[in-house]
Amino acid sequence: MDLQLPLWFEIGSLVVLTLILAADLLLILKRPHIPSTRESTLWVVFYVTLALLFAGLMWIFAGGEYAGQFVAGWLTEYSLSIDNLFVFVLIMSQFAVPRRYQQEVLMVGIIIALVLRGIFILIGAAAIEQFSWIFYIFGAFLVWTAYRQAFPGGDHDDDVQKENFIVRLLRRTIDISDHYDGAKIRTVVNGKKMFTPMIIVFAAIGVTDLLFAIDSIPAIFGITTSPFIVFTANIFALMGLRQLYFLLGDLLDRLRYLHYGIAFILAFIGLKLVFHAMHVNELPFINGGEHIEWAPEISTWMSLAVIILSMAVATVASLIASSREKKAGSADAAAQVVADEKGTPPTVDQPASSEPQRGA
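Residues numbered from 1 in each chain as written. Predicted model: local features only at pLDDT ≥ 70, side-chain atom pairs only at ≥ 80, totals over all residues. Heavy atoms only, no water.

Quick look at the packing of aromatic side chains
One pass over the full model with this rule turns up 17 aromatic pairs. For arginine 186, the ring lying beneath its charged end belongs to phenylalanine 195, and the centroid distance is 4.5 Å. (Phe/Tyr/Trp six-rings, centres within 6.5 Å; stacked < 30°, edge-to-face > 60°. Lys NZ or Arg CZ within 6 Å of the ring centre and 35° of its normal.)

Encoded structure:
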């Protein structure tokens, strides 16, 4: 059964969300600043509350099943967006973006992400409508993405390296100044108009958004096939991402196991998509073109439980590991202080004995 919502609700929701995003953008342009922890917290709480209120309206107008699909899709996209922040941090550091103007960069990144995801949503919805076997491809892609997420071969530096081609191309084709001029893209140097390094930052953010859109859209289509839910879940996941960037701050470095939680979610949704593809199978070379009745259909509520549990376990495990390392570091520092006072090394290595052990 397809999602049936009052037309005024769908149009009204998109208009209100667009106005909120526009107001957020105008606020940054009028008053560029580094948001305080309190300000960031209030904005994040506001956007999360707004998403939950929207889920409540979905429950009233469409029922619990579609409300659950929205919440599951929103949480999935939100977790992927937090992972996106890791790459944003690296890009900001790599190009030494002044912290005062990082809000504007993040807002531009969010707008680019919305446009790209909107395009992918339309393409994905049209493909699903015409070809049921596309779920096999989506499922396999998500399982492969999960493996890549769990075993990245290091950290997110590889993601940043993917923008190098775009950066080199820009440097070869346009004149770029050596210094920023506020948040401007164009500036004047010695009477000559040039682009500022901000154009490179925007290009790098755009490429990153494209890569994440390719990963995230199949993931949410594994939860719901409603374009309206997919798009609104993505909007709510991206709203407040700017404030979350400043709120988390150094905490991002402590979420070391987050990628494992995201990988598990992607693998779970990938398998769910494959099972669904088997259940509605029409490919002639699989089961003679007949539906595979034994393939399980995983419910929305089970998906929601897996998503919440995965992120909770990954977050708690990260914080526990970080706390233990901090305590170990404090103990080492204390030992070093005592050693400095006593004039002795903090640890004593056991001398290697050249004599054979007894009983050998």
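Quick look at the pairing of strand 1 (residues 186-189)
Pairing between strand 1 and strand 2 (residues 192-195): four bridges, direction antiparallel. Considered in strand 2, the bridge of valine 188 is made with lysine 193. The loop that links strand 1 with its antiparallel partner strand 2 comprises two residues; one of these, asparagine 190, has a positive phi angle of about 55°. (Pairing = 2+ DSSP bridges. Helix = DSSP H or I, 4+ residues; strand = E, 2+ residues; numbered from the N terminus.)

Thoughts on the environment of leucine 304
Note on placement: leucine 304 falls in helix 13 (residues 300-342). A C-alpha to C-alpha distance of 9.1 Å links leucine 304 and isoleucine 223, two positions 81 residues apart in sequence. Among all residues touching leucine 304, those that are not within four sequence positions of it are Val71, Ala72 and Leu75. (Contact = heavy atoms within 4.5 Å.)

Brief notes about the pattern of salt bridges
Applying the stated criterion across every chain, the model contains three salt bridges. Among the salt bridges present, the one from arginine 117 reaches glutamate 77, with a minimum N-O distance of 3.1 Å. One end of the pair, arginine 117, is in helix 4 (residues 102-130); the other, glutamate 77, is in helix 3 (residues 64-94), with 40 residues separating them in the sequence. Summarising the burial analysis for this pair, arginine 117 and glutamate 77 share the class buried. Across the pair aspartate 175 and lysine 192 runs a salt bridge whose closest N-O atoms are separated by 3.0 Å. Taken together, the residues span a long stretch of sequence, with aspartate 175 in the loop between helix 7 (164-173) and strand 1 and lysine 192 in strand 2 at a distance of 17 residues. (Salt bridge = Lys/Arg side-chain N within 4 Å of Asp/Glu carboxyl O. Buried < 20%, exposed > 50% of the residue type's maximum accessible area, 1.4 Å probe, protein only.)

Points about the environment of leucine 283
Its location among the elements puts leucine 283 in the loop between helix 12 (258-279) and helix 13. Its relative accessible area of 17% is what places leucine 283 among the buried residues. Spatially, the C-alpha atoms of leucine 283 and serine 132 are 9.1 Å apart, while their sequence positions differ by 151 residues. Residues within four places of leucine 283 in sequence aside, it is in contact with Trp133, Tyr136, Gly288 and Gly289.

A short note on the nonpolar core
Proteins that are soluble and globular tend to have nonpolar side chains buried together. In this structure, Met58, Phe70, Phe236 and Met239 are the most contacted members of the largest nonpolar core, which totals 97 residues. Of the residues forming this core, the biggest block, 15 residues, is contributed by helix 3. What phenylalanine 70 contacts, discounting residues up to four positions off in sequence, is Ala51, Phe54, Ala55, Ile229, Thr232, Ala233 and Phe236. (Core = buried A, V, L, I, M, F, W, Y, C linked by side-chain atoms within 4.5 Å.)

Examining unusual backbone geometry
Residues other than glycine seldom take positive phi values, yet alanine 96 does so here, at roughly 50°. You can see alanine 96 is positioned in the loop between helix 3 and helix 4. Phi at asparagine 190 is positive, roughly 55°, even though this residue is not glycine. Along the chain, asparagine 190 turns up in the loop between strand 1 and strand 2. On the accessibility criterion, asparagine 190 (81% relative accessible area) is exposed.

Structural measurements only, silent on function.
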